[in-house]
Amino acid sequence: MQDQAVADVTHRDMANAIRALAMDAVQKANSGHPGMPMGMADVATVLFARFLKFDAAHPDWPDRDRFVLSAGHGSMLLYALLYLTGYPDMTIGEIERFRQLGSRTAGHPEYGHAPGIETTTGPLGQGIGNAVGMALAERLQNARYGDNIVSHFTYCLAGDGCLMEGISQEAISLAGHLKLGRLIVLFDDNQISIDGSTDLAVSDDQLQRFGASGWHTAAVDGHNPEAVALAIENARNVTDQPSIVACRTVIGYGAPKKQGTASTHGAPLGDEEIAGARDALGWPHAPFVVPDKILAVWREVGQRNRAAFDGWTEAASKLDSEARAHLIDPVDERVTAAISEAVVSIKADFVAEGAKLATRQSSQKALERLVPVVPGLIGGSADLTGSVGTLTKQHGTVKTGDFTGNYIHFGVREHAMGSAMNGMALHGGIVPYAGTFLVFSDYCRPAIRLSALMEQRVVYVMTHDSIGLGEDGPTHQPVEQLAALRAIPNLNVMRPADSVECAECWEVALTSKSTPTIMTLTRQGLPLLRTDATGDNLCARGAYVLIEPEGERDVTLLSTGSEVSLAAEAAKALGAEGVKTAVVSMPCWELFDAQDSAYKEAVLGSAPRVAVEAAVEFGWQKWLGPKGAFVGMRGFGASAPGGELYKHFGITPEAVVAAARELIF
């Protein structure tokens with residue numbers, strides 16, 4: 001009898017379970033977005049029950065299909081699916097605690113809160129960029145491991161808002177160019193936005209738009225499960241194009257008075273409307289109750305790929321243990337030690353050569369030695385390869401149809417580049433890095449913020465980091481970007497002062513598993529300040545004393561990057577006057593701030609402090625104290641040779657000396 005009851009469960013029953021959980025959870029929280037989950041419940045049911053390769057009991061299966069909810073406001077769709085299919089930790093209690101402090105069911109999906117949440121979404125369009133990165137990572141890994149180990153799809157559920165955001169164009173253009181045939185976007189074409197009908201603001205033909213970027217396109221009735229299934233099957237069979245399936249849906253499907261309107265988008269339906277929806281949907285069950293027979297069918301969905309998982313496990317068992325581990329994390333204990341060994345050697349070479357190099361050049365030289373050490377290190381740039389120094393002789397280009405390379409030409413798509421790198425890191429097996437100019441960090445700041453929020457090891461190489469870049473002028477000269485990036489929690493902003501520091505910063509970046517890094521590098525050449533190739537990584541503590549005078553300090557000069565050499569010149573001049581001057585290099589404020597108070601006090605000292613940095617002062621007060629002085633930028637830059645600009649804006653050793661004298665005399 002039980003088997004017969006289960007057999008009687010229909011697609012409509014399964015989809016309505018999603019709708020009911022969504023409207024009940026939003027109502028109890030008195031906050032949330034019921035419309036999208038109710039509208040896309042049919043599509044999601046078809047995807048999970050018929051196509052998605054996953055095993056709820058093994059949510060970290062490396063060869064699982066990825067499901068990205070780009071329209072993250074509809075998070076209850078994802079949470080309902082995770083509960084219904086039996087993912088660990090996603091209990092009915094968590095569904096009832098939707099949007100409450102400490103719950104796994106945050107207002108928007110947050111990576112790490114529960115198994116099955118592949119990425120943090122909410123800022124619209126980011127999920128599309130993440131999905132492109134995941135699909136790219138799948139192809140890269142497939143080229144290295146073969147079909148038996150890596151062969152899966154990436155599905156992305158996106159809404160009208162995702163497609164209106166500019167990042168979507170960058171992402172779909174890149175995916176179409178690379179012919180990422182295992183990427184399928186399911187577009188919730190409900191034609192409703194927060195303000196009302198989407199025709200208030202947009203009239204794009206989305207399928208023509210995607211088609212122009214080389215995508216396979218299809219349009220279906222999103223409430224016809226067989227039509228949805230056929231469209232997904234067709235998309236899966238198109239191997240040389242990414243696919244979009246526009247699913248025409250009714251937002252808030254089942255709500256008798258509110259369906260199809262903006263009122264279902266971002267507010268509870270209300271008790272009366274929920275009661276009406278229960279009648280309309282034929283769902284007489286109490287809030288948060290899913291009948292056993294329906295739940296049993298959903299739980300079977302969560303286990304239907306067990307044989308595929310077992311087959312993959314057997315195939316993976318034939319790999320050596322390191323290769324298996326590198327599917328998830330390419331920087332293990334052995335690789336970490338190899339990175340450290342390589343950096344010691346790199347530093348020794350820099351000291352032996354004693355060359356004056358731009359730190360973008362120092363970075364490139366370091367990468368020449370590090371890329372072979374970290375097989376999962378994948379580089380790239382936003383059409384600035386020759387300028388940012390991200391390409392080495394160890395690289396091969398990733399091309400359409402050929403993913404054996406390890407260097408990606410992202411094109412002038414900084415935002416999608418950052419978002420795709422997040423997707424690559426989240427996929428596993430890859431440490432991505434890519435470069436652009438520091439001023440253009442503003443173009444990818446939302447992705448950088450999410451790297452930090454999700455604790456992903458992503459390295460952003462940002463060169464031309466000050467007025468020192470010269471003639472390109474104030475549009476390209478960053479002055480406020482350092483302060484803005486330092487304001488992001490869990491982000492290491494590194495500004496090395498010379499080649500040795502640059503190598504040390506790369507070691508920290510590659511071994512910081514839960515923290516992204518900004519490598520801010522110069523265009524102009526810098527003298528070598530560290531002439532002792534110590535095995536210790538001094539940059540790992542964020543700041544250290546570069547020059548310590550004999551006896552008690554009279555003044556301490558604090559600096560980062562290209563201005564540390566100015567501070568060293570100023571210290572020499574002050575020393576000639578009998579002023580005992582220390583110089584502190586501060587390549588990473590965030591790492592220094594994490595040190596114990598004794599270390600910080602020893603480095604900063606008790607003498608008056610002067611800071612020098614070719615950027616705005618914001619943030620330096622923390623290190624200068626109440627009596628400190630700052631030498632730096634007070635506004636935007638100008639177009640002229642870099643050396644002239646330093647003099648024009650008063651960022652010189654003489655200015656530092658004058659500031660120090662004013663403090664101590």
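Structure first, text after, so check above.
As a convention, each chain's residues are numbered from 1 in the sequence order in which they are written. Selection of residues for local features in this predicted model requires a pLDDT of at least 70, selection of side-chain atom pairs for listing and counting requires 80 or more, and totals for whole chains, interfaces and linings are taken over all residues. Each side-chain value is derived from all of the structure's non-hydrogen atoms; neither hydrogens nor water enter the calculation.

A. Summary view of the sheet that holds strand β15 (residues 555-559). Pairing between strands is defined by DSSP: at least two bridges between them are needed. Each helix corresponds to a stretch of at least 4 residues labelled H or I by DSSP, and each strand to a stretch of at least 2 residues labelled E; elements are numbered beginning at the N terminus. As summarised here, the arrangement of the five strands in space is β14-β16-β15-β17-β18, forming an open sheet in which the pairing is mixed. Lying at the two open borders of the sheet, with one neighbouring strand each, are β14 (544-547) and β18 (629-632). This sheet shows a mean twist of 30° between the axes of neighbouring strands, independent of strand direction. Note: β15 against strand β17 (residues 609-613), four bridges, orientation parallel. Angular values range over 0 to 180 degrees, each being the angle between N-to-C directions of two axes fitted as lines to C-alpha atoms, with helices fitted over their stretch in contact.

B. Structural detail: the sheet that holds strand β3 (residues 183-189). Across the sheet, which stays open at both edges, the five strands sit in the order β1-β2-β3-β7-β6 with parallel pairing between neighbours. Both edges of this open sheet fall to β1 (66-69) and β6 (216-221), since each of them pairs with a single strand only. Across the sheet, the axes of successive neighbouring strands diverge by a mean angle of 20°, strand direction being ignored.

C. Broad picture of the pattern of salt bridges. Whenever Lys or Arg places a side-chain nitrogen within 4 Å of a carboxyl oxygen from Asp or Glu, that contact is recorded as a salt bridge. According to the stated counting rule, one finds 25 salt bridges in the structure shown. Glutamate 322 serves as the salt-bridge partner of arginine 334, at 2.5 Å between the closest nitrogen and oxygen. Of this pair, arginine 334 sits in helix α16 (residues 333-353) while glutamate 322 sits in helix α15 (residues 321-326), and the two are 12 residues apart along the sequence. In this structure arginine 334 comes out as partly exposed when scored by relative accessible area, which is 45%. Relative accessibility decides the category of a residue: with a 1.4 Å probe and only protein chains considered, values under 20% of the type maximum give buried, values over 50% give exposed, and everything between is partly exposed. Relative accessible area serves as the criterion here: at 29%, glutamate 322 is assigned to the partly exposed category. Where lysine 622 meets aspartate 593, a salt bridge forms, and the shortest distance between an N and an O atom there is 2.8 Å. Taken together, the residues span a long stretch of sequence, with lysine 622 in helix α26 (residues 621-624) and aspartate 593 in helix α24 (residues 589-593) at a distance of 29 residues. Given the relative accessible area of 33%, aspartate 593 is considered partly exposed. It is possible to trace a salt-bridge network through shared partners that takes in Asp465, Arg486, Arg495, Glu563 and Glu613.

D. Representation of the environment of valine 493 within the structure. Looking at the secondary structure, you find valine 493 in strand β12 (residues 492-494). Using a relative accessible area of 2% as the deciding quantity, one classes valine 493 as buried. Each C-alpha atom, one on valine 493 and one on aspartate 65, is 34 Å from the other, the two residues being 428 residues apart in sequence. Contacts: residue pairs with any heavy atoms within 4.5 Å of one another. The residues contacting valine 493, other than those within four sequence positions of it, are Leu482, Leu485, Arg486, Ile518, Thr520, Pro587, Cys588, Trp589 and Glu590.

E. Representation of unusual backbone geometry. Its identity as a non-glycine residue notwithstanding, asparagine 30 has a phi of 55°, on the positive side. Positionally, asparagine 30 belongs in the loop between α2 (11-29) and α3 (35-39).

F. Quick look at helix α12 (residues 271-281). Along α12, the residues that are buried comprise Glu273, Ile274, Gly276, Ala277, Arg278 and Leu281. Residue glycine 282 follows α12 closely and has a positive phi angle near 70°.

G. Focus on the pairing of strand β2 (residues 154-159). The element β2 is extensively covered by neighbouring structure, given that six of its six residues are classed as buried. Neither face of β2 is open: one carries Thr154, Cys156 and Ala158, the other Tyr155, Leu157 and Gly159, and all of them are buried. As paired strands, β2 and β3 are joined by six bridges and run parallel to one another. For glycine 159, the partnering residue across the bridge sits in β3 and is aspartate 188.

H. Representation of helix α28 (residues 653-664) within the structure. Residue count minus one, scaled by 1.5 Å, sets the expected span of a helix. Taking 1.5 Å of rise per residue, the 12 residues of α28 would be expected to cover 16 Å, and the 17 Å separating its terminal C-alpha atoms lies within 8% of that figure. Of the residues making up α28, those classed as buried are Pro653, Val656, Val657, Ala659 and Ala660. Looking straight down α28, one finds that the buried residues subtend no more than 165° of arc, so they occupy a single side. Residues of α28 that are exposed and point over 90 degrees away from its buried face: Glu654 and Glu662. Against β15, α23 (564-576), β17 and β18 lie the buried residues of α28. Note that the arc is computed from the directions linking the helix axis to the C-beta atoms.

I. Structural view of the pairing of β1. Residues Arg66 and Val68 of β1 are buried on one face, and the alternating residues Phe67 and Leu69, pointing to the opposite face, are buried as well. Across four bridges, β1 lies against β2 in parallel orientation. Considered in β2, the bridge of leucine 69 is made with leucine 157.

J. The arrangement of the packing of aromatic side chains in detail. Paired rings are identified among Phe, Tyr and Trp, the last through its six-membered ring, by centres lying within 6.5 Å, and are further divided according to the angle between planes into stacked (under 30 degrees), edge-to-face (over 60) and tilted (the rest). Taken as a whole and assessed by the stated rule, the structure comprises 15 aromatic pairs. Measuring from ring centre to ring centre gives 5.7 Å for phenylalanine 440 and tyrosine 443, while their planes differ by 5°; the resulting arrangement is stacked. Looking at phenylalanine 440, the relative accessible area reads 18%, which means it is buried. Given a relative accessible area of 52%, tyrosine 443 falls into the exposed group. Note on phenylalanine 592 and tryptophan 623: the rings are 5.3 Å apart at their centroids and 50° apart in plane angle, and the pair reads as tilted.

K. Spatial organisation of the side chain of aspartate 189. Within the fold, aspartate 189 resides in strand β3. It is arginine 248 that comes nearest to the buried, bridge-free aspartate 189 among opposite-charge side chains, at 4.9 Å. In contact with aspartate 189, not counting residues within four places along its chain, are Asp160, Cys247, Arg248 and Thr249. Just so you know, the count uses Lys and Arg for positive and Asp and Glu for negative, and it drops His and the chain ends.

L. Fine view of the state of the cysteines. The criterion for a disulfide is a pair of cysteine sulfur atoms lying within 2.5 Å. Tallied over the entire structure, the rule returns zero disulfides. The thiol sulfur of cysteine 156 is not disulfide-bonded, and the nearest other cysteine sulfur, from cysteine 162, lies at 6.7 Å. Overall, cysteine 156 belongs to the buried group, its relative accessible area being 0%. Sulfur of cysteine 539: no disulfide; nearest cysteine sulfur belongs to cysteine 505 and is 4.1 Å away. Classification of cysteine 539 by relative accessible area gives buried; the value is 1%.

Honestly, that's just the spatial picture; any functional story needs more than this.
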